[in-house]
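# Architecture and fold: a report
Residue strings, one per chain:
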Amino acid sequence: QVQLVESGGGLVQAGGSLRLSCAASGRTFSSSAMGWFRQAPGKEREFVAGISRSGGGTYYGDSVKGRFTISRDNAKNTVYLQMNSLKPEDTAIYYCAVSSGRDWPAKVSREYDYWGQGTQVTVSS
């Protein structure tokens, strides 16, 4: 069993930055790809970013490329999402997820086995 706890969300003005963290328990973290997804009210869950189990490979959704950076620290069982140049359309609940045993992250939510409870990010205009 894996438990994920996100933190770092909050209210920020457009153009600002936030850094989300996701702390994982369990032994599968370092052997698994990780992902960040988000869901805004009335919208489907959207892939934001993914990172390979070594941290050497990263993928981003088109809407966040060049603004967000995903990273991980396997010694701390933590994955991060640095969000810069935030826009009001980035407002959503952000979730981290584990894709157990996979080396490379998938962009579809069904490939992820465990999910955090989510953290709210609100960007004001």
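Remember, predicted model here, so these are calculated numbers, not experimental data.

### Comments concerning the pairing of strand S11 (residues 119-124)
The two faces of S11 differ: Thr119, Val121 and Val123 on one face are buried, but Gln120, Thr122 and Ser124 on the other face are not. As paired elements, strand S2 (residues 10-13) and S11 share 4 bridges and run parallel to each other. The residue bridging leucine 11 from the neighbouring strand is threonine 122, located in S11. Both strand S9 (residues 92-99) and S11 contribute to a ladder of 3 bridges, which runs antiparallel. If you follow alanine 92 over to S11, its bridge partner there is valine 121.

### Quick look at the pairing of strand S1 (residues 3-7)
Side-chain alternation along S1 places Leu4 and Glu6 on a buried face and Gln3, Val5 and Ser7 on a face that remains uncovered. Relative to strand S3 (residues 18-25), S1 runs antiparallel, the two sharing 5 bridges. Looking across to S3, one finds that leucine 4 is bridged to alanine 24.

### Some remarks on the nonpolar core
By size, the foremost hydrophobic cluster in this structure holds 27 residues, and its most contacted members are Trp36, Leu81, Met83 and Tyr94. Elements supplying a minimum of two residues to this core: S3, strand S4 (33-39), strand S5 (46-51), strand S7 (68-73), strand S8 (78-83), S9 and S11. By size, the runner-up hydrophobic cluster in this structure holds 5 residues, among which are Phe37, Phe47, Ala97 and Ala106.

### Quick word on the environment of tyrosine 95
In this structure, tyrosine 95 sits in strand S9. The spatial distance from the C-alpha of tyrosine 95 to the C-alpha of tyrosine 114 is 10 Å, given a sequence separation of 19 residues. Once residues within four sequence positions are removed from consideration, tyrosine 95 is found in contact with Glu6, Gly35, Trp36, Phe37, Gln39, Arg45, Trp115, Gly116, Gln117 and Gly118.

### What to know about unusual backbone geometry
A positive phi angle is found at asparagine 77, which is not glycine, with a value near 50 degrees. Summarising the element assignment, asparagine 77 is placed in the loop between S7 and S8. Unlike most non-glycine residues, serine 85 shows phi in positive territory, near 50 degrees. Counting through the fold element by element, serine 85 comes out in the loop between S8 and S9.

How each quantity is defined
- Residues numbered from 1 in each chain as written.
- Predicted model: local features only at pLDDT ≥ 70, side-chain atom pairs only at ≥ 80, totals over all residues.
- Heavy atoms only, no water.
- Buried < 20%, exposed > 50% of the residue type's maximum accessible area, 1.4 Å probe, protein only.
- Helix = DSSP H or I, 4+ residues; strand = E, 2+ residues; numbered from the N terminus.
- Pairing = 2+ DSSP bridges.
- Core = buried A, V, L, I, M, F, W, Y, C linked by side-chain atoms within 4.5 Å.
- Contact = heavy atoms within 4.5 Å.

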